[in-house]
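Coordinate analysis (summary)
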Amino acid sequence: MKYLFTVMIFISILNFDCRAESAEKAGGPVPAEHSPEERFIIRIPGKEEIPAPVETNPEEDIEPTEAMQPPEKEKNSQEETKIEPLPTVDEKEPVSQDKTFSPEIPKDDLPQDEKNKDEEETVITPTRTKQLLKNVGSSISIITQKDIESSKAPLLLDVLRQVPGLEVTRTQGIGGTTSLFIRGASAAQTLVFVDGVQMNSPTTGAFNFANLTTDNIERVEILRGPQSTLYGSEAMGGVINIITKKGTGDTKVILGTEYGMHDTYRETVHVSGGKERFDYSMGASYLKTHGISAASSGSEKDGYENFTGSARLGWNFLDNGRVDTTVRGSHSDFEYDAFVYGVGAVDDPDRRQTTDEILFSTKVHKTFFDLWTPSFLVSVNDTELKGLDPTDESGEFRIPTRVWRLEHQSDFTLFDIDTVTLGYEYEVQEGENAGKFDKTFWNNALFFQNQIKLFESLTWTAGLRYDDYSTFGNNLTYRTTASYNNEKIGTRFHGSWGKGFRAPGLNELFFPFFGNPDLNPEESKGWDFGVEKEILKDKLSMDVTYFENDFTNLITAAIQPDGSFLAENVAKAASEGIEMTLTYKPSTRLSLTGTYTYTETRDRDEDRQLPRRPRNRATLGINTQPLTKLNMTVTGVMVRDRIDSDGKEMDNYWTVNQITRYDITKLMAAYVRFENLFDYDYEEVTGFGTLGFTAYGGLEFKF
């Protein structure tokens, strides 16, 4: 609570209505805005989200390309733009892309060409229903398709680094094990979905982001704070919902090729299209690099290889019914070094690890009488992790896991101001670990939520969930949120309070000489309160959020009287802090976005900071379009004040990435991408190497 006073002073300052505007330059066409940095903010609804058309000069020859988005509409102008984006670029309809619904909770899908570009942005994840962003009380960040494509990043983890309140750590270079922490919660306390498929491992409870490419991904919604009331186990720290692309319009083909340092190359293909009844989006990519040494003290290079293919098929039936089917498969081959206790990572030329993953989900829903919308989801995640080392038996292992879920949800719309959601989930998790165990457990869950809108400015939600596990018994969670939007002063207040839990993983329950079948779930309680303020209309906005989390019954390895270790619910922890986002767009050719997160974590047993959670983290993104065909982006990340699991201080570091894209013709574009531009020497994880200055160049072809 010691930071709450600072927040309240900040709120008082923000309530001054400073709406001074800069006059727009008169005459000539307004160049298209291209600002990928706005991906990482909790945005002011209805202000900057949806680019609208602007009057253009028909005499001027403007070539629309992927680097150009539809320009913003000038004030009081109703005339439609005459700039036509390339038909091969999915982002030509940013509104419909932003509003495409995940198979997790798809609602009210419409043909994309029929959607109103002036509609306010909606989100799905906070309430599992279609909801205006301005009515959401949860802390949420949104990464759009435009953001992902502008970054040119092959892996999603590099896009996630810009999100406030979220820390990403990777051992070594491309392919290294990657963990993600939200507001101090562990990697196993953040739940990840891809089109309704649960990605967290049944054995460890966490999801390794190392192999998740950006292929065919349209949108990512990141919720911070306890979310177990709607999503169950692992959602103690937050939820990351990844939504793949939905095809629209005539058939479009995009081919890409890239080559860079460390003998790195990447090939991509994407095909999409759709009509009134049927739509499809399919993609594939191949990524290979010779890499760097996993051990920072080593010299032997550890390479990485990844092949990913995905497809999403949709069918609209009976006016407002829809079926979405997603299939995604990947194979990765990763070389890594051995870890010697007391020494750390050391060179090992023989160790490899492969991961094979198949995801499948089918979602069907239909609305009856404009009142009741039932939906059904079936999803499967089948993953196999293998370790290969012909010279050392300890490097040989096989860990197959499977998670399949059956889900029903019914949404009832009452009097246009009240939405009631009832749902049921049945989940089965299976896993083996190197022949040491082969176990299965299941869970039944019921959840309820009520959303009420009052006075056109206040939205309140409340919900309950009951889970019944075959391993530890039952658990009850609850959550409430509120959002109050005062448009007269350009200010929105939002807040949430709730409870989360995490069921013990299979390793914690059954691994020999460590597992404990009598474990209870980990639990958390958390709340946040935030203010969004528009300082200069359509130019400058700010978001400030204060949060607190209390973690209990944490599972840790407790030393027994005989010197052995046993998993027990004995640890406690807490976190509190402030998340800030500032967005400044002085013109359509320039935008800046900065974020700062202060997180104070505490292991209450050891009375020290939690490992690998930085106290201070800041990001800065600058996007400029000096020429119609030229777009430049600079992003920076600064991380300070971390400790490792042994209590020793870890490296402070900052990195800068830069991307320059030039549209050669309507059908071809070239780009260069620089990572760690100033060659900063650091370790994200102690003892493991990181990439220094790295350059990549690529071409993209559209048909």
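These numbers were taken from a predicted model, which means no experiment stands behind them.

Comments concerning the pattern of salt bridges
- All told, the structure shown has 46 salt bridges when counted by the stated rule.
- Across the salt bridge formed by Asp-607 and Arg-602, the nearest N and O atoms sit 4.0 Å from each other.

Here's the deal with unusual backbone geometry
- Backbone geometry places Asp-538, a non-glycine residue, at a positive phi of 60°.
- Inspection of the secondary structure puts Asp-538 in the loop between strand 25 (522-536) and strand 26 (540-559).
- Judged by relative accessible area, which is 37%, Asp-538 ranks as partly exposed.

Regarding the pairing of strand 23 (residues 473-486)
- In this structure, strand 22 (residues 458-469) lies alongside strand 23, joined through 12 bridges in antiparallel fashion. Residue pairing across strands places Asp-467 opposite Asn-475, the latter belonging to strand 23.
- Counted between consecutive antiparallel strands, the loop separating strand 22 from strand 23 contains 3 residues.
- Sheet analysis places strand 23 next to strand 24 (residues 491-502), joined by 8 bridges and oriented antiparallel. For Asn-485, the partnering residue across the bridge sits in strand 24 and is Arg-492.
- Here strand 23 folds back onto strand 24 in antiparallel fashion, the turn holding 4 residues, of which Gly-490 has a positive phi close to 60°.

Remarks on the packing of aromatic side chains
- Summed over the entire model, instances satisfying the criterion amount to 24 aromatic pairs.
- Aromatic side chains Tyr-653 and Tyr-682 sit 4.3 Å apart centroid to centroid with 10° between the ring planes, which places their arrangement in the stacked category. Placement of the pair is Tyr-653 in strand 31 (residues 653-665) and Tyr-682 in the loop between strand 32 (668-675) and strand 33 (694-702), with a sequence separation of 29 residues.
- For Tyr-653, a relative accessible area of 4% puts it in the buried group.
- Looking at Tyr-682, the relative accessible area reads 8%, which means it is buried.
- What links up through ring pairs into an aromatic cluster is the set Tyr-653, Trp-654, Phe-678, Tyr-680 and Tyr-682.
- The ring of Tyr-671 has Lys-152 sitting right over it, with the charged end atom 5.2 Å from the ring centre.

Some remarks on the side chain of Thr-325
- Mapping Thr-325 onto the fold places it in strand 14 (residues 321-335).
- In this structure the side chain of Thr-325 is engaged in a polar contact, spanning 3.3 Å, whose partner is the side chain of Thr-362.
- In this structure Thr-325 touches Ala-311, Arg-312, Leu-313, Phe-360, Ser-361 and Thr-362, once residues within four positions along its chain are discounted.

Reading the values: the criteria
- Residues numbered from 1 in each chain as written.
- Predicted model: local features only at pLDDT ≥ 70, side-chain atom pairs only at ≥ 80, totals over all residues.
- Heavy atoms only, no water.
- Salt bridge = Lys/Arg side-chain N within 4 Å of Asp/Glu carboxyl O.
- Helix = DSSP H or I, 4+ residues; strand = E, 2+ residues; numbered from the N terminus.
- Buried < 20%, exposed > 50% of the residue type's maximum accessible area, 1.4 Å probe, protein only.
- Pairing = 2+ DSSP bridges.
- Phe/Tyr/Trp six-rings, centres within 6.5 Å; stacked < 30°, edge-to-face > 60°.
- Lys NZ or Arg CZ within 6 Å of the ring centre and 35° of its normal.
- Polar contact = N/O pair within 3.5 Å; in protein donor to acceptor, adjacent residues only side chain to side chain.
- Contact = heavy atoms within 4.5 Å.

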